[in-house]
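# What the coordinates show
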Amino acid sequence: MIEVRDLTFSYDKDKQALHGLTFTVKEGEIFGFLGPNGSGKSTTQKILTGILRGYGGRVSLFGEEISSAQGPAFFQKIGVLFEFPYLYANLSAVDNLGYFSSFYPGEQLRDVMELLDRLEFKRDFLKKPVSSYSKGMRQRVSMARALVSNPKVLFLDEPTSGLDPSGAVLFRRIIEEERQKGTTVFLTTHNMLDADLLCDRVAFISGGNIVALDTPQKLKEQNSDRHVVIDYMYRGKRTEATVEIEELEAGIPFPHDEIIRIHSQEPTLEDIFIQYTGRGLT
Amino acid sequence: MGREFFHLLKKDGRLMLSGKFFLLALGSLVLYSVYIHFVYVNVNQEIYPVYLYDPKGKQAISTEYVTRVDTRERLEAACADRYSAGVDLSSDEPELYMLSSGLDTVDHYRAAWAWAALDEMADGQVQITGTNSREMKNRREITAEFLFFELSAVGFLGLASMLFKEKQMGVIRVHAILPVSRSAFIFSKLLWILASDLTFAALLTVINLGFPVGVTVLPAVLVQAGILSLLMALIGFLCAIGLPDFRQFSLLYLVIAVFVTTPVFLAGQTGLSWGWLKYHPMYHLFMSMKSAYFGAPVKAILYYLVCVGGIGLLFLLAHRALTREMVKEG
């Protein structure tokens, strides 16, 4: 669905933002693009969405080179959620969605009310101007805008930013549903939890280079020291022991009265990112 | 394409309504018309007094505009106000005596009037300018100036404020990923401003010149209004897109309003003249507007070619600036 080969981009002569990125995203896959601010995430997404031109290398979407396929047909197939909820503040949620959806063929569109219900948007606010909405509500309308045209590829930039925990769970569920429908999702984030829970594969980008690319599980396995920490009670005394995973195959390898906790010691995606790049995700 | 453009137009119309743009234009229309009807048409400049020192009685006078004086000293004293003009016929060659007003153009008018006033044929001509009555001349003049001001200053602000709102809301960036062309995004705004300005121009003209006269000059006035409207709207678009916030825009607006438009007004209204003014594009637009109101529209093809070229160039720059804005970070 998305194919990127040796992608380079410079904002000016001395400032190269991307240094030859290569990756592919399969149809129906959720692909996470993880990196800190200024790593080249947004630049890559802008190139993939046809906003930024003048890049080097090859970038194709739907089998067509992006630089030569940027007519209305291209934009009809993609949906983009920006990091910030860009909406007309003087218009209501319904009017905003009515306006943005008016540029797509009618048969392609989803029902606006159904979509807003799915996003648990408060009905009392349907006709009120966006200026009176909370950030979470604006984010819901923005998500509805990205989804209303039933896109084949969905570009999401920090989708759960500004949402409360239940809103974040709802958004993850909706993104998962989109994947099940066959939509390809390109998720740009520095939220490791979103990436871990949602993505089939993730790419770590740092300084305009992809430093690692695999499934979250494999990345964690490859970077795990395969130890567990066991917190246990023995003869009235609480003790902690570190053992290798293989040692557990035959059971707990030391005397104990009660096992209190077992810590897998599996690294988080952020730990792995720091291992690869020497810097954090934020 | 047509359907998408209609939706852009609808959205821009709502933005203009919510920004009270039409209300502002209506307010300007009422204000200008009230001023023209009740103040400006009654304004009349006092005719330059002419004093004649003619000890040998060479010149017979039958006009009320010329006053005889007995001595040269009285002639000089009468002309000390730097407004009156004096003619001394005591020697063989007639001598014009005037103290300069400080403005070449005004001094030229004073001298011309002094000589004309001594000519009996001049009597009465001063009250008629071409085929206009003095009141109609005043109406045409001030209506042209108000329209020029409205289009160059207020209209410019109208589009810019609308665009600033969209910029602040970030929705311009959303249009980068919508199946709609960037040109259509600009055209939609231009069409609203153009329609609004042309309606304003037509109403202002008909209300202040009267229907029969207004209709005769309207085609030429609308052409000039259309040119000025498009040019200023595109400049407003470029400024609003290029500048980061409204405070900086206000500063630039002040510069444009004061340093660009004011010299044109001064030249048109006060007789100030500077050699470089002919290189000032706004001066030509201003004079073309005036000519249109006096029923003598500019006929030079070059003028229209330059205007169309200017509009085309500004449109390309606006398109480029819009593309750059769409790429920016949030």
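Residues numbered from 1 in each chain as written. Chains lettered and ligands numbered in written order. Predicted model: local features only at pLDDT ≥ 70, side-chain atom pairs only at ≥ 80, totals over all residues. Heavy atoms only, no water.

The next thing to look at is the nonpolar core. Ranked by internal contacts, the top residues of the largest apolar core, which has 156 residues, are Leu48(A) and Leu147(B). The residues touching Leu48(A), leaving out its near neighbours within four places in the chain, are Ile2(A), Val4(A), Phe23(A), Val59(A), Leu61(A), Ile66(A), Phe74(A), Phe155(A) and Phe186(A). Ranked by size, the runner-up nonpolar core spans 13 residues in total, among them Tyr48(B), Leu52(B), Val87(B) and Trp113(B). (Core = buried A, V, L, I, M, F, W, Y, C linked by side-chain atoms within 4.5 Å. Buried < 20%, exposed > 50% of the residue type's maximum accessible area, 1.4 Å probe, protein only. Contact = heavy atoms within 4.5 Å.)

Where interface size is given, it is often the accessible area lost as the parts come together that is meant. Every contact between the two is made by 25 residues of chain B and, on the other side, 25 residues of chain A. The junction of chain B with chain A conceals about 2400 Å² of combined surface from both sides, 65% of it contributed by carbon and sulfur atoms. For the interface between chain B and chain A, the tally reads one salt bridge. Two residues, Asp95(A) and Arg14(B), come together in a salt bridge whose shortest N-O distance is 3.2 Å. Summed over the shared surface of chain B and chain A, the result is eight residue pairs in polar contact (both at pLDDT 80 or more). Only α1 (2-18), α5 (134-169), α6 (171-175) and α11 (301-327) of chain B provide two or more residues apiece to the side of chain B that touches chain A. The element best represented in the side of chain B that touches chain A is α1(B), accounting for eight residues. (Buried area = accessible area lost by both parts, 1.4 Å probe. Salt bridge = Lys/Arg side-chain N within 4 Å of Asp/Glu carboxyl O. Polar contact = N/O pair within 3.5 Å; in protein donor to acceptor, adjacent residues only side chain to side chain. Helix = DSSP H or I, 4+ residues; strand = E, 2+ residues; numbered from the N terminus.)

All names here are of chain A. Across the sheet, three strands lie side by side as β12-β11-β13; this open sheet has antiparallel pairing. The two strands at the open ends of the sheet, each matched to only one other strand, are β12 (237-244) and β13 (258-263). Going from strand to strand, the sheet's axes swing by 20 degrees on average, the running direction of each strand aside. Pairing of strand β11 (residues 227-234) with β12 involves eight bridges; the strand directions are antiparallel. Within β12, the position partnered with His-227 by the bridge is Glu-244. (Pairing = 2+ DSSP bridges. Axes fitted to C-alpha atoms, helices over the stretch in contact; angles between N-to-C directions.)

As a further point, take the packing of aromatic side chains. Across all of its chains, the model carries 29 aromatic pairs over all chains by this definition. Between Phe84(A) and Tyr86(A) the ring centres are 6.4 Å apart and the planes differ by 45 degrees, which places this aromatic pair in the tilted class. Residue class for Tyr86(A) comes out buried when judged on its relative accessible area of 10%. Judged by centre distance (4.9 Å) and plane angle (25 degrees), the ring pair of Phe187(B) and Phe315(B) falls under stacked. Within this pair, whereas Phe187(B) is found in helix α7 (residues 182-209), its partner Phe315(B) is found in helix α11, the two being separated by 128 residues in sequence. Classification of Phe187(B) as partly exposed rests on a relative accessible area of 44%. Phe315(B) gets classed as buried once you look at its relative accessible area, which sits at 15%. Three or more aromatic residues link up through ring pairs in this structure, and these residues are Phe23(A), Phe31(A), Phe33(A), Phe155(A) and Phe186(A). In this arrangement the basic side chain of Lys128(A) is found over the ring face of Phe125(A), its NZ or CZ atom lying 4.7 Å from the centre. (Phe/Tyr/Trp six-rings, centres within 6.5 Å; stacked < 30°, edge-to-face > 60°. Lys NZ or Arg CZ within 6 Å of the ring centre and 35° of its normal.)

The subject of this paragraph is the domain arrangement of chain A. Looking at the assigned domains, one finds that chain A contains domain 1 (2-220) and domain 2 (225-265). The C-alpha centroid of domain 2 of chain A is placed 43 Å from the C-alpha centroid of domain 1 of chain A. (Domains from an automatic or database assignment.)

All names here are of chain B. Taken N-terminus to C-terminus, the directions of helix α2 (residues 21-38) and α7 make an angle of 20 degrees; their axes are 10 Å apart at the nearest point. One way to sum up the angle between α2 and α7 is to call them roughly parallel. For the crossing formed where α2 meets α7, the hand is right-handed. Contacts between α2 and α7 pair Phe-21, Phe-22, Ala-25, Ser-28, Leu-29, Tyr-32, Ser-33, Ile-36 and His-37 from the former with Trp-192, Ile-193, Ser-196, Phe-200, Leu-203, Leu-204, Ile-207 and Asn-208 from the latter. When the residues that make up the contact of α2 with α7 are grouped by side-chain class, the tally is 12 nonpolar, five polar and no charged. (Parallel < 35°, antiparallel > 145°, perpendicular 65-115°, else oblique. Left-handed = near helix turned anticlockwise from the far one by under 90°. Nonpolar A, V, L, I, M, F, W, Y, C, P; charged D, E, K, R; others polar.)

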